[in-house]
Amino acid sequence: MLKGGRGMRLNWRELMIIAVQPAKLFSKEGPLYMKVTPSGWRKKSETYSERWCRLRGNLLFYFKGRDLLSEPQGVVVLEQCFIKEEYGEIQSFAFCVEYIGEEHNQYFAAHSAELRDEWVALLQSASYENLRSQLQSLRLQLMARTGQDPIDEERHGVLGRTDPGDSVTEPILEMSISCTDLPKNSFGEAPSTFVSVSCVTPPDTRWSKSGQTEIISRSCSPFFLTTVSFESTRNISVITRLRANVYEVQDRNMHTVAAIGQVICSFRDIVTSPDNKLVRDIIGADGKQVGGKITILLWELDDAVEKPQAVMKRDNPSTNHVYPPNAQKLSHAASAPTRTPNGAIMRSRLPSLVRSTYMKSLLCNPCNKTYRFPNSDGTSMVQVQESMMETRLNFNIPQQIIKIYLLEEKRKLEELNMFKDLSHDWERVRSAVMMEHVSMIARYNESLEFLSKQTKGPQFKKSTAKSDKLLEFVPINLHLQRLRVEEQGCKESLYDMITVGAPAAHSLKFRHGGLKRMLQHYTEEQSRTSTKNLSLQAAKTLSQISDLKNSIDWLASDVLSAARHVGLESMRKKTATLNEKVTELLNVINENFMEEAFNSYRNASFRGSPRSHINQSLSERMHLIGHVVEFLSSAATPRERLGAVESNIKHLKETVGQIQEQAKYSIAFLRMQEEYHNLSFLQSVQCRRDIVFSQALTALVTGVMIKFRENIYSKVFMNQMSSLGILAHFEGLISTHGDEMGMLEDFAVGIHDLVCVTFKIVKTSTEIDDTMPVLTGTRSNVVVMVPVLPSMTPAIPEELLSGQPIKVYPVLFNIGVNEEQTMAEIFGDTSLQDTINQDNLQKLDNYYSRLVHMIPHKDWRESHSSVSLDVLMSSLRHHISTKKNKNVEILHISSQLARRLDGIRFTSCKSAKDRTAMSVTLEECMILQDEHQLHSQMFTHLLDTMRSEGTRRDNTRKNVGVPKYAFNKMQLRAFPKLYRPPEGTYGKTVLT
């Protein structure tokens, strides 16, 4: 019998082998009493029976007696449980294994208190969760002593490189593999195979794995798209031995494989073969041929940082390859390598992060995968590199925006501190409002302090930390997903996508929905109670009064200057203009809003003269100035003219200053009242909005910085950015059901708030450290300063160098694709998704219309697609207006439009891990099909290969420690077919 946590799958035969191994391999063994019956576990009132128990790792085996020749009666898996002593049992020295979320617990009893304590201690420390906790504790202790993280997260627990600034290992050689005429399996079927490659350089005798291909199902002549790379650190030379093991996959879900055979050779064997292409028979474990051949093609990568010890042949990988059996057209190309004018044979030229100084200042910890496939007409090979990188802005931008939040909160505290003479009741109100702001400042400072320490280790926030309060301002799982494509005779193509968890305040939960619903409820409540939203009106009025005061001060000075140096006629003109501005100021402060503000503050405080007295004083003072100027003699000297008005002008300016100060106090008092009436709600909304905006802003700045640096020498893009702005296209895969509805509401508001962000170009020195963006401004007007090096300035339009702001046009299109969206479509409500798509269609349409009028069609980004932009826009309008469940065509068309319009692509699901992986790999294959002649018969093969062997599989491992997508078969039935991963790549991981 097996007992363990939910969802566990174990191989009973393997467990039986482990159970009877020697005692030295077990932590403890001995007799224990258990509540068992022949048919299962007894209830609590039942008696105990003695069993012989053996503990190894997190497995507790129990036998009927000490005879280990028979099979154990069962095994207890010590995961997702806790151990506690039981004092209410009929058997002495009892303890219990209690499983989380399960009704039936397991009871044991020892022969003495000492033995019970020993067993309890060992069982408590046996679980993997406990070992992980111990590892984390030791890790933190080492970090405290050394200041460095001893665990390399990129290598999943291996001690090694921890600083993202360390040099990146660069591949220098690449290998492609195919097999022909493999034997059929025992069932007479073509095998499902993959090849694993290892190497060893004498005198070392340990084989180290270099990589493996994807799995190809049911083929005797598999052509593998995944290539194997060899880094400079491996010290590859001509004497290096290479072993290629060919395996048959028997069960992809259980990961059971059987060896078919292997080939062992040296790199000398490969480079001395014609065209660097080695063909060998596959040898079985008995040393005999098993049937079938393996073909290995090796090439040296261009611009490699370090060269191997022996020079390899530099043949063209695009023309020297083993092609699939149905690609007869390639035979001629394979025998005729293309040469450059000087006679050298072309090499692969996929550039890397190492050779881009500017990109190194933004990105780190790259993960690369390479593929090769024939184009649709079979005339050449297409080389593809898939890269996934973290960004150094991940913790930097949240720190900067938090500082802006803190400055605003401190200004609000200063505003509240202005009130010194309030009545007792109003003083209590002021204290309550101040406490909320103090609490928010403390929360933000705590996050800021924590983020300032995140300079070592991984530069991304794991999906498992989405609810971590200290990381709430940091976007989830932010990465750059890059696709590089090289074809013979064509320049290299580059496609970027930013993948990030949907901006949402997970730390605040979604009990009352997300931002969109909360703001809507607040607006409706204000409308129902006839309460005005004072914030915008107050800001507008204070701005008006400030502008008018500045104008009055300047005009008053002009009147005095005219009295001294010009003459009476000029004085009268300036006085008339001054009178207009004073009248305008009086009109502003006499509005109902200001009337209410002045009266509220006067009634609540014991200071300040009545507003009517100040207004009257201002009016009388202006009238007196006008009267004096009007009746001045034309023969008056400058001294007489100045003496007639100077005193009144001085008093006029003082009165205007008093009015501004009183307006500031009065409006601040009104805002305090409004805030107090909805104190907890408004602070909750503000905190939530700050968190969501920080996440969205970090993703946006990352995308804009990468786009800017990759296109800085593109005249068309720079002109488009200058005259129109940047299109930021966000793709969402969030459902409209349960908590994800709240996430989508946060997501929508966060993207909408990005309209308040502008970018400005600033010149900087040659220091690389100066190239990080700098944030300035306020919550409602964020300005991102983008530094550029002197060498870049000639490529930038003069108006941008002069400080012209670059606008952002964010659009969001969302289609839920999972089983929760199916529930929403049948029993729930999809109106939020429909509204989001319709509103953003209008925004995208407006951007497209302006682009058509501003930039000639000949200057648009080149595309091999036969579909025009007009057709794409019409198709998008049609799909959004059509009611269709899970209409993913909306995502496909809008993303294609964004790329064609030189926009920045973002893709999001809850954690940017599983659904995002399906979307990103699908988009990459669609790009290769539309722009690079990927044959339709190769489409599904490459799509499955990218999902099983590509960078997004590594992304799941980085986040949850398991290279599996968090889906199950029932869930995947609800997914659109193109969004389903291949067998063996998904299953139960952890809650993410």
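For the structure, see preceding data.
What you see is a predicted model; the values in this text were computed from it and never measured.

Structural notes on the overall build of the protein
Summing up its helical and strand segments, the protein has 26 helices and 30 strands in all. Considering only residue pairs separated by 6 or more positions, the protein has 71% of its internal contacts joining residues 24 or more positions apart. Of the roughly 45000 Å² of accessible surface on the protein, a fraction of 50% belongs to carbon and sulfur atoms.

What to know about the packing of helix 7 (residues 396-416) against helix 15 (residues 679-710)
Contact geometry of helix 7 with helix 15 gives a least axis separation of 9 Å together with a crossing angle of 135°. On the basis of the axis angle, helix 7 is oblique to helix 15. Remark: the crossing between helix 7 and helix 15 carries right-handed chirality. Facing I397, P398, I401 and Y405 of helix 7, the residues of helix 15 in contact are D690, F693, S694, L697, T698 and V701. When its residues are assigned to classes, the contact of helix 7 with helix 15 shows 7 nonpolar, 2 polar and 1 charged.

Some words on the sheet that holds strand 26 (residues 757-763)
One open sheet accounts for 3 strands, arranged 26-28-27; its pairing is mixed. Across the chains shown, the open sheet's two edge strands, defined by having one partner strand only, are strand 26 and strand 27 (774-778). Going across the sheet, the axis of each strand differs from the next one's by a mean of 25°, ignoring polarity. Strand contacts of helix 7: strand 27 and strand 28 (781-788), with the helix running at about 25° to strand 27, the strand carrying the most contacts.

Quick word on the pattern of salt bridges
Following the criterion strictly, the structure yields 36 salt bridges and no others. With its nearest N and O atoms 2.5 Å apart, the salt bridge here joins E923 to R899. Note that E923 is positioned in helix 23 (residues 915-931) and R899 in helix 22 (residues 889-900), a separation of 24 residues in sequence. Take E923 and R899: they sit in the same class, and that class is buried. Salt-bridge contacts for R957 lead to D954; the nearest nitrogen and oxygen are separated by 2.2 Å. Linking R957 with D954, this pair stays in helix 25 (residues 951-960), spanning 3 residues, or about one helical turn. Assessed through its relative accessible area of 25%, R957 is described here as partly exposed. A network of salt bridges, in which partner residues are shared, links E408, E409, K412, D690 and R779.

Observations regarding the pairing of strand 22 (residues 381-391)
For a regular strand, the rule is simple: side chains alternate between the two faces of the sheet. Of all 11 residues in strand 22, 11 are buried, a share of seventy percent or more. The alternating pattern of strand 22 places M381, Q383, Q385, S387, M389 and T391 and V382, V384, E386, M388 and E390 on opposite faces, both of which are buried. Taking the residues between adjacent antiparallel strands as the criterion, strand 21 (residues 363-374) and strand 22 are bridged by 6 residues, where G378 takes a positive phi near 70°. Note that strand 22 and strand 23 (residues 479-487) share 8 bridges and pair antiparallel. In the strand pairing of strand 23, M388 is matched with Q481.

Remarks on the environment of A668
With respect to the secondary-structure elements, A668 resides in helix 14 (residues 638-677). On a C-alpha basis, the gap between A668 and L416 in space is 7.5 Å, while along the polypeptide they are 252 residues apart. The contact partners of A668, leaving out residues within four places of it in the chain, are E415, M418 and F419.

Notes on the nonpolar core
Residues L697, V757 and F759 are the most contacted members of the largest nonpolar core, which totals 97 residues. Broken down by element, the residue count for this core peaks at 15 residues, all from helix 15. If near-sequence neighbours (up to four positions away) are discounted, V757 is found in contact with F693, L697, L700, V782, V784, I806 and V808. In terms of nonpolar packing, the next biggest core, distinct from the first, is built from 55 residues, L733, Y848, L901 and L942 among them.

Things to note about the sheet that holds strand 29 (residues 808-814)
If you trace the 7 strands from one edge of the open sheet to the other, you get 21-22-23-24-30-25-29, paired in mixed fashion. Where the open sheet ends on each side, the last strands, each with one partner, are strand 21 and strand 29. Averaged over neighbouring strand pairs, the angle between their axes works out to 20° when direction is ignored. Inspection of the sheet shows strand 25 (residues 726-732) paired to strand 29 by 7 bridges, in the parallel sense. Residue pairing in the sheet places G732 in a bridge with N814 of strand 29. In the packing of helix 17 (residues 739-752) onto the sheet, the strands contacted are strand 25, strand 29 and strand 30 (904-908), and the crossing angle to strand 29 comes to about 160°. Across the sheet, helix 20 (residues 831-854) is in contact with strand 25 and strand 29; its angle to strand 29 comes to roughly 140°.

Describing the packing of aromatic side chains
If you walk through the whole model with that rule in mind, you get 11 aromatic pairs. The interplanar angle of 20° and the centroid separation of 5.3 Å between the aromatic rings of F194 and Y247 together place this pair among those described as stacked. In this pair, F194 sits in strand 14 (residues 193-200) while Y247 sits in strand 17 (residues 241-251), placing the two residues 53 residues apart along the sequence. Owing to a relative accessible area of 9%, F194 belongs among the buried residues under this scheme.

Observations regarding the pairing of strand 13 (residues 171-180)
In terms of burial, strand 13 is a largely internal element, 9 of the 10 residues being buried. Bridge count for strand 13 against strand 16 (residues 228-231) is 4 bridges, and the pairing is antiparallel. By the bridge assignment, E174 is partnered in strand 16 with S229. Two strands pair when backbone bridges link them, and strand 13 and strand 20 (residues 289-300) are joined in this way by 8 bridges, in the antiparallel orientation. Looking across to strand 20, one finds that T180 is bridged to K293.

A closer look at unusual backbone geometry
Between P202 and P203 the backbone carries a cis peptide bond, its omega angle lying at 10°. A positive phi angle is found at N276, which is not glycine, with a value near 55°. Counting through the fold element by element, N276 comes out in the loop between helix 4 (267-271) and strand 19 (277-283). Even without being glycine, A912 reaches a positive phi, approximately 60°.

With respect to the environment of K184
Inspection of the secondary structure puts K184 in the loop between strand 13 and strand 14. Take K184: its relative accessible area is 57%, and that puts it in the exposed class. The spatial distance from the C-alpha of K184 to the C-alpha of R218 is 9.2 Å, given a sequence separation of 34 residues. When residues no more than four places from it in sequence are discounted, the contact partners of K184 are E189, A190, P191 and C220.

Cut-offs used in this document
- Residues numbered from 1 in each chain as written.
- Predicted model: local features only at pLDDT ≥ 70, side-chain atom pairs only at ≥ 80, totals over all residues.
- Heavy atoms only, no water.
- Helix = DSSP H or I, 4+ residues; strand = E, 2+ residues; numbered from the N terminus.
- Contact = heavy atoms within 4.5 Å.
- Areas by Shrake-Rupley, 256 points an atom, 1.4 Å probe, with all protein chains shown as cover.
- Axes fitted to C-alpha atoms, helices over the stretch in contact; angles between N-to-C directions.
- Parallel < 35°, antiparallel > 145°, perpendicular 65-115°, else oblique.
- Left-handed = near helix turned anticlockwise from the far one by under 90°.
- Nonpolar A, V, L, I, M, F, W, Y, C, P; charged D, E, K, R; others polar.
- Pairing = 2+ DSSP bridges.
- Salt bridge = Lys/Arg side-chain N within 4 Å of Asp/Glu carboxyl O.
- Buried < 20%, exposed > 50% of the residue type's maximum accessible area, 1.4 Å probe, protein only.
- Core = buried A, V, L, I, M, F, W, Y, C linked by side-chain atoms within 4.5 Å.
- Phe/Tyr/Trp six-rings, centres within 6.5 Å; stacked < 30°, edge-to-face > 60°.

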